[in-house]
Amino acid sequence: MPTERRKDRGYDELRGEGWTRLLAAARRRLERTGGALDGDIGLTRPSDAERRTVIGITGRYRPETVGRLAVALRDLDGYLHDRYGTGLLQTLGRLQGPLRDRPAERADEEARRDQALKSAHSSRLAGQGWFAAWLDRIAADGTLTRLVRRGDAPLLDAAVRVLEGLSGDGDRSAGSPNRVPSVLPLPVLAEWATGDTKALVPGAPLEQLVLRALAQRAGDGCVVPRERAGRRALWEFAGAIADDLASQVLVLNIGAEGDTVVCDWLRDAASFGIPFRLTLHQLATDPVVPTARTIFVCENPAVLRAAAGELQDTGAALVCTEGVPSAACHKLLGDAVRAGSQLHWRADFDWAGLRITADAVARHGAHPWRMTAADYTAALGEGSSTPLAGPPAASPWDPGLALAMEASGSTVMEERLLPALLSDLTRA
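This text gives an overview of the structure that appears in the document. (Residues numbered from 1 in each chain as written. Predicted model: local features only at pLDDT ≥ 70, side-chain atom pairs only at ≥ 80, totals over all residues. Heavy atoms only, no water.)

## Re the overall build of the protein chain
Spelled out, the test is: By definition, any uninterrupted DSSP run of H or I lasting at least four residues is a helix, any uninterrupted run of E lasting at least two residues is a strand, and each is numbered from the N terminus. In this setup the radius of gyration rests on C-alpha atoms only. A globule is expected at 2.2 Å times the number of residues raised to 0.38. We call a residue buried when its accessible area falls under 20% of the maximum for its residue type, exposed when it is over 50%, and partly exposed in between, using a 1.4 Å probe and counting protein chains only. Only heavy atoms matter for contacts: two residues are in contact if any of them lie within 4.5 Å across the pair. Per-residue and other accessible areas follow the Shrake-Rupley method at a 1.4 Å probe size, with only the shown protein chains counted as cover for residues.
What the protein chain contains, in helices and strands, is 20 helices and twelve strands. The C-alpha atoms of the protein chain give 34 Å as radius of gyration, which overshoots the globular expectation for 428 residues (22 Å, by more than 25%). Summarising its shape, the C-alpha atoms of the protein chain cover approximately 105 × 55 × 35 Å along the three principal directions. Across the 428 residues in the protein chain, those meeting the buried criterion constitute 47%. Considering only intrachain contacts with a sequence separation of at least 6, the fraction spanning at least 24 residues in the protein chain is 67%. For the protein chain, the accessible area works out to roughly 20,500 Å², and carbon and sulfur atoms hold 52% of it.

Shown next, in the form of structure tokens:
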């Protein structure tokens, strides 16, 4: 009992002013080195109580004017063992709980990061540049480390599965219980990829991960739009929809075959040259097959508005993407192409416009419409322009266009080509 009382009194003493900072420094050092009793610890601007404590541990006098006190960990360990019956590691454990082994934690964290990346790189998408760049970014900027520390590393596998579904790598066979639909409402996509219909709701960690990948795929780096419309456009560009009523396409002079309410509306609008908006819900409910064999596609509503005002019903069929094409736009034009229509597609002369047009060529077999280097150069000399912004894009249909844009560093909005565009629509 006298020994136990001596130990109890000793631990009370170790909680005093003279020991608090010293033991805290020892704990930090030992946790950082995995418990190695090598080296020493120090105290700057020590108090008188700390100075007396160090003198007692080392047996060496330190003057009151000393600015820093150093104590070897092995000296501290031996002192505590001789005086209180427990060494430094055991004493710290009894006073403040077990020590962390930070080197082991770091090694385990690194192993879990490596395993998450290895799993992601096993995806069928791994050979695509945007996918690899996305993984490199989230590994380099700390995103993956934060997921691992929170225990959310499985979210990376879920994000990869979502991206595979969006890229057509999921099972789309009609009878499969895991079938991925060709038009993907987000709750359906979330259920298919994770089993949770709410996994991709706005603000969810999985949604952020996937949107960063889609931004990389779209050529915008990993920058995810803050506004809701921009995020919706990213989803729709990849073939997923948050709301089939919000996904719309603006058309002019698009007649339609079929005996449905939507087809009747389109024919009436076309007969008067009135612009008309179609929703994805309407297109899915009442399939529309445009009667026009040639359809022109522009990016900006101002072009369609001018065509409606000047040409009315005498102009060619025209569809406006209003920026990045929506799922409704792709649905309408995809059905038109399958029915035999030919698309003539243009967008602004900026990097986003080149990406939009290149995607239309690849996805729908569209013909670029006044989207050549000659068109750009001619329009460039007709007015002032804003600087190009964002990462450059290619123009596979006319490589000289991208080169000319990079050389000038200037955008040309398609409204500058309006007289020529209206002339084309009239002749067609």
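Past the structure itself, the notes keep going.
## Examining the side chain of E299
We apply this condition: In this charge count, Lys and Arg are treated as positive and Asp and Glu as negative; neither His nor the chain ends contribute. The working definition used for a salt bridge is a side-chain nitrogen of Lys or Arg within 4 Å of a carboxyl oxygen of Asp or Glu.
Mapped onto the elements, E299 comes out in the loop between β9 (294–298) and α15 (301–310). Buried charged residue E299 carries no salt bridge. Nearest counter-charge: R346, at 7.1 Å.

## Considerations on helix α3 (residues 48–58)
If you check which residues of α3 are buried, you get A49, E50, R51, T53, V54, I57 and T58. Looking at the buried residues of α3, the elements they touch are α2 (17–33), β1 (40–44), β2 (68–72) and α4 (73–84).

## Comments concerning the sheet that holds strand β5 (residues 248–252)
We apply this condition: Strand pairing is defined by DSSP finding a minimum of two bridges between the two strands. Angles here are taken between N-to-C directions and fall from 0 to 180 degrees, while the axes themselves are lines fitted to C-alpha atoms, restricted in helices to the stretch in contact.
Pairing is mixed in the open sheet, where six strands are placed in the order β7-β5-β10-β9-β11-β12. What marks the edges here is a single partner per strand, and that holds for β7 (276–279) and β12 (367–368). When β5 meets β7, the two strands line up antiparallel, connected through four bridges. The partner of V249 across the bridge, within β7, is L278. Against the sheet, α15 engages β5, β9 and β10 (317–320), with an angle of about 30° to β5.

## A short note on the packing of aromatic side chains
Here is the rule we go by: Side-chain rings of Phe, Tyr and Trp (the six-membered ring for Trp) are treated as a pair once their centres are within 6.5 Å; stacked means planes under 30 degrees apart, edge-to-face means over 60, and tilted covers the remaining angles.
Inspection of every chain in the model, using the stated rule, returns six aromatic pairs. Pairing F131 with W134 gives two aromatic rings, centres 5.6 Å apart and planes at 55°, and the pair type is tilted. With F131 and W134 both in helix α7 (residues 129–140), this residue pair falls three residues apart, about one helical turn. Residue classification places W134 among the buried positions, given a relative accessible area of 0%. Arranged with centres 5.4 Å apart and planes meeting at 65°, the rings of F349 and Y376 form a pair that is edge-to-face. Here Y376 lies in helix α18 (residues 373–380) and F349 lies in the loop between β11 (342–345) and α17 (351–364), a separation of 27 residues in the sequence.

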